[in-house]
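# Structural overview
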Amino acid sequence: MSPGTRYSAPAVMLHWLLALLIFAGFPLGLYMVDLPLSPDKLKLYSYHKWIGVTVLVLVAIRLAWRATHTPPPLPAGTAVWERRAGAIVHGLLYLLMIASPLSGWLMSSAKGFQTVWFGVLPLPDLLEKDRELGDLLAGVHKTLNFTLLALVILHVAAAFKHHFIERRPFLQRMGLGRKEGT
């Protein structure tokens, strides 16, 4: 596979770092929410918030990179409907990678819990304390995250379909697998 058909190293790094953070943050969120109040629960909430803010920062960097660097072309023979579906799913993934952590930050603000990134950088509350709004935002945050999970599963399933069933070099585009000729 020629270099022009692969994503750049920064794009690949940002993709996999975001994937790792999402794969860590989602189950952590599911686990921590039903724990009894304790220092450990508060620590896990902090970790979850750190992941969310980091996702926001990395998505902003990824979007800036994407705006200034043309992605490699899709492999020849990619159907028009697949191109459109891929573009829609990618757009929704970016939207949810922004909306989900932002909804968590808004929820924390409304519930009166400041977000402190990595325990050292206090972030401003985005809303005044309002318990009812915080509870509403908790539902929004949960819905956004489960929607993100569904899209991630769709994204991975499509990549596996293209790679393993159709034998097309989609995974190599994102740095997985051997380069052609090696």
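Residues numbered from 1 in each chain as written. Predicted model: local features only at pLDDT ≥ 70, side-chain atom pairs only at ≥ 80, totals over all residues. Heavy atoms only, no water.

## Examining the overall build of the protein chain
Of regular secondary structure, the protein chain possesses five helices and two strands. Listing the helices and strands of the protein chain from first to last along the sequence gives α-α-α-β-β-α-α. Each of the three principal axes of the protein chain carries a C-alpha extent, and together these read 55 × 30 × 30 Å. In the protein chain, buried positions account for 36% of the 182 residues. (Helix = DSSP H or I, 4+ residues; strand = E, 2+ residues; numbered from the N terminus. Buried < 20%, exposed > 50% of the residue type's maximum accessible area, 1.4 Å probe, protein only.)

## Some thoughts on the nonpolar core
With 20 residues, the main nonpolar core has Leu18, Val55, Val59, Leu93, Met97 and Leu148 as its most contacted residues. Contributing elements (two or more residues each) for this core: helix H1 (9–33), helix H2 (39–68), helix H3 (80–110) and helix H4 (131–165). A per-element tally of this core places H1 first, with six residues. With residues near it in sequence (within four places) discarded, valine 55 still touches Leu18, Leu21, Met97 and Pro101. Grouped together as the second largest cluster of nonpolar side chains are five residues, Val53, Trp105, Trp117 and Leu123 included. (Core = buried A, V, L, I, M, F, W, Y, C linked by side-chain atoms within 4.5 Å. Contact = heavy atoms within 4.5 Å.)

## Details of the packing of aromatic side chains
Taken as a whole, this structure holds five aromatic pairs when the rule is applied. Ring geometry for phenylalanine 26 versus phenylalanine 146: centroids 5.2 Å apart, planes at 85°, classification edge-to-face. Of this pair, phenylalanine 26 sits in helix H1 while phenylalanine 146 sits in helix H4, and the two are 120 residues apart along the sequence. Residue phenylalanine 26 is classed as buried on the basis of its relative accessible area, which comes to 17%. Assessed through its relative accessible area of 38%, phenylalanine 146 is described here as partly exposed. Chaining the aromatic ring pairs together yields one cluster made of Tyr47, Trp50, Trp117 and Phe118. (Phe/Tyr/Trp six-rings, centres within 6.5 Å; stacked < 30°, edge-to-face > 60°.)

## Remarks on the side chain of histidine 162
Among the secondary structure elements, histidine 162 is positioned in helix H4. Reaching out from histidine 162, the side chain makes a polar contact with the side chain of glutamate 166 at a distance of 2.7 Å. The contacts of histidine 162, once residues within four sequence positions are left out, are Glu82, Arg167, Arg168 and Phe170. (Polar contact = N/O pair within 3.5 Å; in protein donor to acceptor, adjacent residues only side chain to side chain.)

## Describing the packing of H1 against H4
Running from N to C, H1 and H4 cross one another at 135°; their axes reach a closest spacing of 11 Å. Taken together, the axes of H1 and H4 lie oblique to each other. Viewed along their axes, H1 and H4 form a crossing whose handedness is left-handed. Every residue of H4 that contacts H1 at His15, Ile22, Phe23, Phe26 and Leu30 is listed here: Asn145, Phe146, Leu148, Leu149, Val152 and His155. Grouping the constituent residues of the contact of H1 with H4 by class yields eight nonpolar, three polar and no charged. (Axes fitted to C-alpha atoms, helices over the stretch in contact; angles between N-to-C directions. Parallel < 35°, antiparallel > 145°, perpendicular 65-115°, else oblique. Left-handed = near helix turned anticlockwise from the far one by under 90°. Nonpolar A, V, L, I, M, F, W, Y, C, P; charged D, E, K, R; others polar.)

## Comments concerning the pattern of salt bridges
For the structure on display, the rule yields six salt bridges. With a closest N to O distance of 2.4 Å, glutamate 166 and lysine 161 form a salt bridge. A relative accessible area of 31% places lysine 161 in the partly exposed class. The shortest N-O distance in the salt bridge between glutamate 166 and arginine 168 comes to 2.8 Å. (Salt bridge = Lys/Arg side-chain N within 4 Å of Asp/Glu carboxyl O.)

## What about a nonpolar patch on the surface?
On the surface, a nonpolar cluster with roughly 530 Å² of combined accessible area is contributed by Phe23, Val156, Phe160, Phe164 and Ile165. Here the nonpolar patch gets four residues from one element, more than from any other, and that element is H4. Relative to the assigned elements, phenylalanine 23 resides in helix H1. (Patch = residues over 30% accessible without salt bridge, like charges linked within 9 Å, V, L, I, M, F, W, Y side chains within 5 Å. Areas by Shrake-Rupley, 256 points an atom, 1.4 Å probe, with all protein chains shown as cover.)

## A closer look at the environment of leucine 63
Among the structural elements, leucine 63 can be located in helix H2. Note on leucine 63: relative accessible area 32%, which makes it partly exposed. Separated by 57 residues in sequence, leucine 63 and arginine 6 have C-alpha atoms that sit 17 Å apart. Leaving out residues up to four positions away in the same chain, leucine 63 has contacts with Tyr94 and Ile98.

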